[in-house]
Amino acid sequence: MNSVQQILQCNFSTISLEKKMEMKNKGRPTPNLNIKQITKCKTRDYVRQFKKDIYKTHDWICGCSETNRLYCFPCLLFGQKSNDAAWVKNGINDLINLTSKIKTHEKSMTHINSQLNLKLLGKQDIRQQLSSAYRLNIKQYNEKISRNRYILNKIINCIKFCGAFELALRGHNEKSNSENPGVFRGLINFSSELDSVLKCHIENSSVFKGLSKSIQNDLLECCLAVCQQRIKNEITQAEYISVMADETTDVSAQFQLSIIFRYLLSDGTPVERF
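Residues numbered from 1 in each chain as written. Predicted model: local features only at pLDDT ≥ 70, side-chain atom pairs only at ≥ 80, totals over all residues. Heavy atoms only, no water.

Things to note about the domain arrangement of the protein chain
We apply this condition: All the domain ranges listed were derived from an automatic or database domain assignment.
Domain annotation of the protein chain identifies domain 1 (4-120), domain 2 (137-237) and domain 3 (238-273). Centre-to-centre separation of domain 1 and domain 3, based on C-alpha positions: 83 Å.

Written out as structure tokens, the structure is:
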């Protein structure tokens, strides 16, 4: 059986694994201590004595016959550098407040970590398994994000294609069995025949396909916001800028106003933005 004084004198973190396993297998010292406390009251005196049953109810408590005090066996091994000196260095001999001291120490992170380290000593560290599972989860999450970005990039490219050639995105009927689903849906269907990832997404996705008219409008708004922000940045950096506005009215007295910005880029290239 180990001695508390031997444990205190040795540096448990620096000894070999064989010595550590030997101390773990020997177990905690559980001597019968001679601790007695007398509480004086008006009518009578109450005597509290140490009972060895405490070793059975708390498998982490150990005792030292030399100091006649109680200690925490896992913290003696793994928590000697902690700030809790009562259970590691000084020892406990206060029987009156022993129950509250035990409850407080059992909730401390130092005690919990020391118990975990003692249980895992000589076994496969579960924290390494948790770390592997955590890395695998991150890898799967990143792969999912990359796949979603790839699908969204293909959908945006189809929208940009329609805008570059001034083609209307939607047709009269965009159902799957429609003979004229519109340029955008037709372009998506054609692209999916050449791209297995996009085809798998369209056929199997049940949450977000990215083909509905509301999604088309949202993506158009996002593209417009990006273009407007780029124009703002270019205008902010331009030294000279001209603004032209022209308005035309139709037969129903409804007018449309067009605004044109002309300026030079930082490399001297003239541009015109409508």
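Examining the side chain of D195
Here is the rule: Numbering of helices and strands starts at the N terminus; helices are DSSP runs of H or I of at least 4 residues and strands are runs of E of at least 2. Exposure classes here rest on a 1.4 Å probe applied to the protein chains alone. A residue is buried below 20% of its type maximum, exposed above 50%, and partly exposed in between. Only four residue types enter the charge count, namely Lys and Arg as positive and Asp and Glu as negative; His and the chain termini do not. Salt bridges are defined by distance alone: a side-chain nitrogen of Lys or Arg within 4 Å of a carboxyl oxygen of Asp or Glu. Two N or O atoms count as a polar contact when they lie within 3.5 Å, although within protein this holds only if one can serve as hydrogen donor and the other as acceptor, and sequence-adjacent residues are included solely when both atoms are side-chain atoms. Any two residues whose heavy atoms approach within 4.5 Å at even a single point are treated as in contact.
On the secondary structure map, D195 appears in the loop between α9 (183-194) and α10 (196-204). Buried charge without a partner: D195 forms no salt bridge, and the closest opposite charge is K154, 4.0 Å away. At 3.0 Å, the side chain of D195 and the backbone nitrogen of V197 are in polar contact. Leaving out residues up to four positions away in the same chain, D195 has contacts with Y150 and K154.

Thoughts on the state of the cysteines
As a reminder, the rule being used: In plain terms, two cysteine sulfur atoms within 2.5 Å form what is called a disulfide here.
Tallied over the entire structure, the rule returns zero disulfides. Of the cysteine sulfurs around C200, a residue in no disulfide, the closest is that of C158, at 17 Å. The cysteine C227 is free of any disulfide, with C223 supplying the nearest cysteine sulfur at 6.7 Å. You can call C227 partly exposed: its relative accessible area is 46%.

A look at the side chain of H201
Within the secondary structure, H201 is located in helix α10. In this structure H201 touches I151, F208 and K209, once residues within four positions along its chain are discounted.

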